[in-house]
Structure formats: structure tokens, C-alpha cells
Amino acid sequence: NKAVVVDLSPLFNYMRENWLGSAASFQRTLAARGAAAEQFPQTFDVNPAIMPKVVWQTQLDQPTAVLAGQKIDRWTKDHFKAYVATRDGTIHILDTSSLMNRNSWELGGALREIGTFQVGRNPVSMVFTRRAEGGLPLIPYLDSGEQRDPDPYNNQFYVACRGDRCIDAVVTFQGKGQVYRRIRDSRMGDPVALSTAVRGNILTVADFAGKKLISFRMGTLVDSRNNQVYPPGDPRFPYEFAGEPPLTGSPFLVNSANLN
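Now for a look at the structure at hand.

### Observations regarding unusual backbone geometry
For the bond running from Phe40 to Pro41, omega is -5 degrees, close enough to zero to count as cis. Mapping Pro41 onto the fold places it in the loop between helix H2 (23-32) and strand S2 (53-59). At Gln62, a position not held by glycine, the phi torsion is positive, near 55 degrees. Looking at the element boundaries, Gln62 is found in the loop between S2 and strand S3 (63-68). Notably, Leu138 is not glycine yet its phi reads approximately 75 degrees, a positive angle. By secondary structure assignment, the location of Leu138 is in the loop between strand S7 (123-128) and strand S8 (156-161). Residue class for Leu138 comes out partly exposed when judged on its relative accessible area of 31%.

See the structure below:
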């Protein structure tokens, strides 16, 4: 019943300086390798300065899933954020800009909870959409009347709500959040994990009890090489069922990667 933010930068800095530094430091690292505690890589007991640090924590009732933003647009007016889901369907929004900011134009703020919003019951998995979508609630407009783009690796994501047997698509802006789409399908009985594809706007769901993967094609796909446009088959829905390969066991995680 606790959520914790851990700063890994002391360990990353140690590895960067010793393994990816100058040619001389790299040679020293090679010579210092070994199984002893004082050899490379050193243990935390020998070199406590490289130990990751707990920088924030809070008590939460039955936390179930976490997600951490990793990329924001140059012109965004939003913070770097992280999210903690709890079993009752509450998504807690954290401002993580103090850990993530690398540029002067990025909004700053203290590491803290800045808001909450509701999704379906028992949210057990969250994944970023990877692709921005227009016409979303909460996202502000420019003086020209155009809406700013969301940050699909920071404030636009899917949530698998196992208790309601649905996938909620959500968007956040600063300390507010809102469900803008709910995906339901009679073939999806026990969603426990999610993945979004790299090369196409495809959402894949691990159905634990159903022993299968279920995929949905999100929105309209454009094949620029062949000048073809593929909208969803039913205009009433902005997504389309894309298949359900059966598995011999019950999947509890799912991921995808593009390999060239």
C-alpha cells in the first residue's frame, strides 16, 4: 500500500563515467573488473554514493500499476508526469519534472501528487499510445484556434480495467485527467496487460482467462508507399478488431518491438 519514486541517476552516472567516459577511464575500468566488492562494478556497500535513492513516497490503498512519462513536445505546456493506479479505479498524477527536466523551456515543479481522476475498476496495466490524437478534452488551444498536440509518451495512454473488462483511453493535462474513449468487446473477457506497436497504430491486449491475445487497429491507417487509406470498417467506432491468436497458457504480460 505504498508508491515509491526511485532516482536511479547515481547508478547511471557511475556506469556512464566508468564505461562510456574517456578512453583512459575505460581502460581503467577494464583493468578493475572482477568479482570482488571493490572491483568494477563496485557494490553499494563499498561505494554508497552510487546507490539509487528513494526520493518520494506516499501511502496508497491497493496500488495496482504504474507508468512514467519519458518524452514531451518542445512546445508543450505540460509537465513530465508519472501515474499510479489503485484498485478502486483512481489514477494518481505525479509531477516528475524535477527528475526529468533537461532543458530550460520545460515546465518545472516539485515532486508531488498534483491530481487524480477515475477510470474503470481494477486498472492493472497502463501503456502510452505512442501516437498523438486530435480533438481530445483538456488539451488547450493556441491563439490561432488550433489545438495543441498531446504528448503520447507523457499524457495520453491506455488503461486495462480488469474489473470492468474494458480498455480506457485517457488524456491528462497538468493535474487533470479524463477518459475520452472506452473499448469494449465481447471477445475480451479478462484484460490484464497492454502493448502498442511501433510501426502501426495497433493496441494488443493480453486476455488472461481467455488464454489469447486480442488486437485492435486504432483509427485510420495510411499506407503512404501505396497511397492507400484504411479507415475502421464500422464508422460508428474509431477502432477495429484485428484478431485473437490463441495461446496454450494464460498471458500476463505482452510487448512488441520493431526489428530491422
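This is not the end of the story, as more comes after the structure.
### Topic: the nonpolar core
Burial of nonpolar side chains together is a common tendency in soluble globular proteins. Judged by nonpolar contacts, the single largest core of 19 residues is most densely connected at Tyr158, Ile167, Leu194, Leu203, Val205 and Phe216. Where this core is concerned, the elements lending two or more residues are S8, strand S9 (166-173), strand S10 (176-183), strand S12 (202-207) and strand S13 (212-218). Here this core gets four residues from one element, more than from any other, and that element is S9. What Phe216 contacts, discounting residues up to four positions off in sequence, is Ile183, Asp185, Met188, Asn201, Ile202, Leu203, Val205, Tyr239, Glu240, Phe241 and Ala242.

### A closer look at the pattern of salt bridges
Counting across every chain of the model gives 10 salt bridges. One salt bridge connects Arg121 with Asp164, and the closest N-O pair in it is separated by 2.8 Å. One end of the pair, Arg121, is in the loop between strand S6 (112-118) and S7; the other, Asp164, is in the loop between S8 and S9, and 43 residues separate them in sequence. By relative accessible area, Arg121 is classed as partly exposed at 48%. In this structure, the salt-bridge partner of Glu244 is Lys212, at a minimum N-O distance of 2.8 Å. Here the residue Glu244 occupies a position in the segment after strand S16 (239-243), and Lys212 occupies one in strand S13, the gap between them amounting to 32 residues. Note on Glu244: relative accessible area 32%, which makes it partly exposed.

### Quick notes on the side chain of Thr76
Along the chain, Thr76 turns up in the loop between S3 and strand S4 (81-86). When its relative accessible area of 12% is taken as the criterion, Thr76 is described as buried. Here Asp151 takes part through its side chain, which lies 2.8 Å from a polar atom of the side chain of Thr76.

### A word on the packing of helix H1 (residues 9-19) against H2
It is the contact of H1 with H2, at a shortest axis distance of 7 Å, that shows an interaxial angle of 105 degrees. As summarised for this structure, H1 and H2 are arranged roughly perpendicular, according to the angle between their axes. Contact residues: Glu17, Asn18 and Trp19 in H1; Ser25, Phe26, Thr29 and Leu30 in H2. For the contact of H1 with H2, the residue count by class is three nonpolar, three polar and one charged.

### Describing the sheet that holds S6
Judged by pairing direction, the sheet is antiparallel, and its four strands sit side by side in the order S3-S4-S5-S6 without closing on themselves. Each end of this open sheet is capped by a strand with a single partner; those strands are S3 and S6. With strand direction ignored, the average angle separating the axes of adjacent strands in the sheet is 20 degrees. Bridge count for strand S5 (residues 90-95) against S6 is six bridges, and the pairing is antiparallel. Residue Leu94 lies in a different strand from S6, and its bridge partner there is Glu113.

### Digging into the packing of aromatic side chains
Using the criterion set out here, one finds eight aromatic pairs in the structure. Measuring from centroid to centroid gives 6.2 Å for Phe128 and Phe157, while their planes differ by 85 degrees, and the two rings are edge-to-face. You can see Phe128 sitting in strand S7 and its partner Phe157 sitting in strand S8, a full 29 residues away along the chain. One aromatic cluster is present, formed by Tyr14, Trp19, Phe26 and Phe40 through successive ring pairs. Sitting over the ring of Trp75, Arg74 keeps its end group 4.4 Å from the ring centre.

How each quantity is defined
Residues numbered from 1 in each chain as written. Predicted model: local features only at pLDDT ≥ 70, side-chain atom pairs only at ≥ 80, totals over all residues. Heavy atoms only, no water. Helix = DSSP H or I, 4+ residues; strand = E, 2+ residues; numbered from the N terminus. Buried < 20%, exposed > 50% of the residue type's maximum accessible area, 1.4 Å probe, protein only. Core = buried A, V, L, I, M, F, W, Y, C linked by side-chain atoms within 4.5 Å. Contact = heavy atoms within 4.5 Å. Salt bridge = Lys/Arg side-chain N within 4 Å of Asp/Glu carboxyl O. Polar contact = N/O pair within 3.5 Å; in protein donor to acceptor, adjacent residues only side chain to side chain. Axes fitted to C-alpha atoms, helices over the stretch in contact; angles between N-to-C directions. Parallel < 35°, antiparallel > 145°, perpendicular 65-115°, else oblique. Nonpolar A, V, L, I, M, F, W, Y, C, P; charged D, E, K, R; others polar. Pairing = 2+ DSSP bridges. Phe/Tyr/Trp six-rings, centres within 6.5 Å; stacked < 30°, edge-to-face > 60°. Lys NZ or Arg CZ within 6 Å of the ring centre and 35° of its normal.

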